[in-house]
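An overview of the molecular structure
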Amino acid sequence: MDVVWKGSRHFSKGRRGYRPEAVVVHLMEGSLRGTDAWFNDPASNVSAHYGIGRDGEVHQYVREADQAWHAGRSWTPSWSGHRDGVNPNLYTIGIEHEGKADETWPAAMYKASAALIKEICLRWNIPIDRQHVVGHREIYARNTCPGSQVDLSRLTKMASGIAVDLGNHNLIGQKGKVTVRATVNLRDAPTTASPKVGSIAGGTEVVYTGWTSSGQAIDGNPHWYRRADGRYFWAGATEQPVPGL
Ligand SMILES: [Zn+2]
């Protein structure tokens, strides 16, 4: 997807040993252009990793490996993934959305947001479900962000649907054999968003007909092998964790 780098002066380098575990959905209560300026205004002291326009335009302000200042406070959090005593900025990625609290979200904004959430989740091995895609007010209940109009369940289901669509994963049609080191699950798409449909026992030699380098990155490895029956298994569980070398 096309992402335009805008940058922000407000962020903290690194994550002090934490990693992204969830995506926080925000609402700008304003425009994408206004947000571009606000995140670079010395007085704001706020930022997010991304901002999405109502037409689906995506801007990036902070690298995912760094902390954006989007959800630094907690107040009676209802989110089950919340870590007491740890700044949520350390373990979340924040996405802002253009518009006001009572404005309907256009299809283009849902679509771009879902595509971005899917990419983030595959990159950081984050499950695509409502426990890992949360509204800001689920962390900070004094706030109404992201407003009354967004359907977070719909957004999450869209992201999950994009993740399991094989048209969104590359496939290198190279045949070979590989031995599985430990029991590995079989799925219809190279992501845990696709349900487990079987498994292969450790020590088994498997014939594969191709592989993808754009699956869910488990332990940083996004490679998954594909069998002749179309089922995928994660390459990290095999004696050749990076195919094609
Ligand atoms: Zn917010």
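For every chain, the first residue of its written sequence is number 1, and the numbers climb from 1 along that sequence. pLDDT decides what is reported in this predicted model: residues at 70 or higher carry local features, side-chain atom pairs at 80 or more are listed and counted, and totals for whole chains, interfaces and linings draw on all residues regardless. The side-chain quantities take in all heavy atoms of the structure and omit both hydrogens and water.

Bringing the nonpolar core into the picture now. Ile-95, Ile-117 and Ile-120 are the most contacted members of the largest nonpolar core, which has 28 residues in total. Helix and strand assignments follow DSSP, with helices taken as H or I runs no shorter than four residues and strands as E runs no shorter than two, numbered in order from the N terminus. Per element, the largest residue contribution to this core is 10 residues, and it comes from helix H2 (residues 107–124). Throughout, a contact is declared for two residues whenever any of their heavy atoms are within 4.5 Å. Not counting the four nearest positions on each side in its chain, Ile-117 is found in contact with Val-23, Ile-95, Val-133, Leu-155 and Ala-159. Side-chain atoms within 4.5 Å link the members of a nonpolar core, which is a set of buried Ala, Val, Leu, Ile, Met, Phe, Trp, Tyr and Cys residues. Only protein chains enter the accessibility calculation, which uses a 1.4 Å probe; a residue is then buried when its area is under 20% of its type maximum, exposed when over 50%, and partly exposed in between. By size, the runner-up hydrophobic cluster in this structure holds 16 residues, among which are Ile-218, Tyr-225, Phe-233 and Trp-234.

Right, let's get into the environment of Asp-151. For Asp-151, the location among the structural elements is in the loop between strand S8 (133–135) and helix H3 (152–164). Taking the C-alpha atoms as reference points, Asp-151 and Gly-135, separated by 16 residues in sequence, lie 9.9 Å from one another. Counting of polar contacts relies on pairs of N or O atoms within 3.5 Å, with two restrictions inside protein: one atom must be capable of donating a hydrogen and the other of accepting it, and residues adjacent in sequence are counted only when both atoms are side-chain atoms. Here the side chain of Asp-151 touches Arg-154 through a polar contact of 3.0 Å, landing on its backbone nitrogen.

The six strands are arranged S1-S5-S4-S7-S3-S8 in an open sheet whose pairing can be described as mixed. Since the sheet does not close on itself, it has two edges, and those belong to strand S1 (4–5) and S8, each with one partner. Bridge count between S1 and strand S5 (residues 58–60): two bridges; the pairing is parallel. For Trp-5, the partnering residue across the bridge sits in S5 and is Gln-60. We treat two strands as partners when DSSP finds at least two bridges between them.

What follows is about the coordination of the zinc ion. Around the zinc ion, the protein supplies His-26 (ND1), His-136 (ND1) and Cys-145 (SG) as donor atoms, at distances of 2.1 to 2.3 Å. Site description for the zinc ion: donor spacing in sequence, H-x109-H-x8-C. A residue pair is termed long-range when its members are at least 10 positions apart, and His-26 in the loop between strand S3 (22–25) and helix H1 (32–38) and His-136 in the loop between S8 and H3 qualify at 110 residues. Taking relative accessible area as the criterion, His-136 reaches 10% and is therefore assigned buried. Donor atoms are limited to N, O and S found within 2.8 Å of the metal ion, a distance that becomes 3.2 Å for Na, K and Ca. With water left out, some sites might look partial.

For the protein chain, the assigned domains are domain 1 (4–164) and domain 2 (176–237). How far each domain reaches was decided by an automatic or database domain assignment. If you average the C-alpha positions of domain 1 and of domain 2, the two centres end up 31 Å apart. In this assembly, nine residues from domain 1 lie in contact with nine residues from domain 2. Note on domain 1 versus domain 2: buried area summed over both sides is about 620 Å², and carbon and sulfur give 56% of it. Within this document, salt bridges are pairs made up of a side-chain nitrogen of Lys or Arg and a carboxyl oxygen of Asp or Glu, the two lying within 4 Å of each other. For the pair domain 1 and domain 2, the number of links is zero salt bridges. At the junction of domain 1 and domain 2, the tally comes to two residue pairs in polar contact (both at pLDDT 80 or more). Each of two parts loses accessible area, computed with a 1.4 Å probe, when they are put together; buried area is these two losses added.

Another point: the pattern of salt bridges. For the coordinates displayed, the defined rule picks out 11 salt bridges. Here Arg-33 and Glu-57 are joined by a salt bridge, their closest N and O atoms 3.2 Å apart. With Arg-33 in helix H1 and Glu-57 in the loop between strand S4 (50–52) and S5, the pair connects residues that are 24 residues apart, well separated along the chain. Residue classification places Glu-57 among the partly exposed positions, given a relative accessible area of 26%. The residue Arg-123 makes a salt bridge to Glu-64 at a minimum N-O spacing of 2.7 Å. In this pair, Arg-123 sits in helix H2 while Glu-64 sits in the loop between S5 and strand S6 (67–68), placing the two residues 59 residues apart along the sequence.

Residue placement: Arg-15 occurs in the loop between strand S2 (11–12) and S3. For the buried Arg-15, no salt bridge is present, and the opposite-charge side chain at shortest range is Asp-66, 7.0 Å distant. For Arg-15, the side chain forms a polar contact with the main-chain oxygen of Asn-89, separated by 3.2 Å. Not counting chain neighbours up to four residues away, the residues in contact with Arg-15 comprise Pro-20, His-49, Glu-64, Ala-65, Asp-66, Gln-67, Asn-89, Leu-90, Tyr-91, Thr-92 and Ile-93. By the counting scheme adopted, Arg and Lys are positive, Glu and Asp are negative, and His together with the chain ends is not counted.

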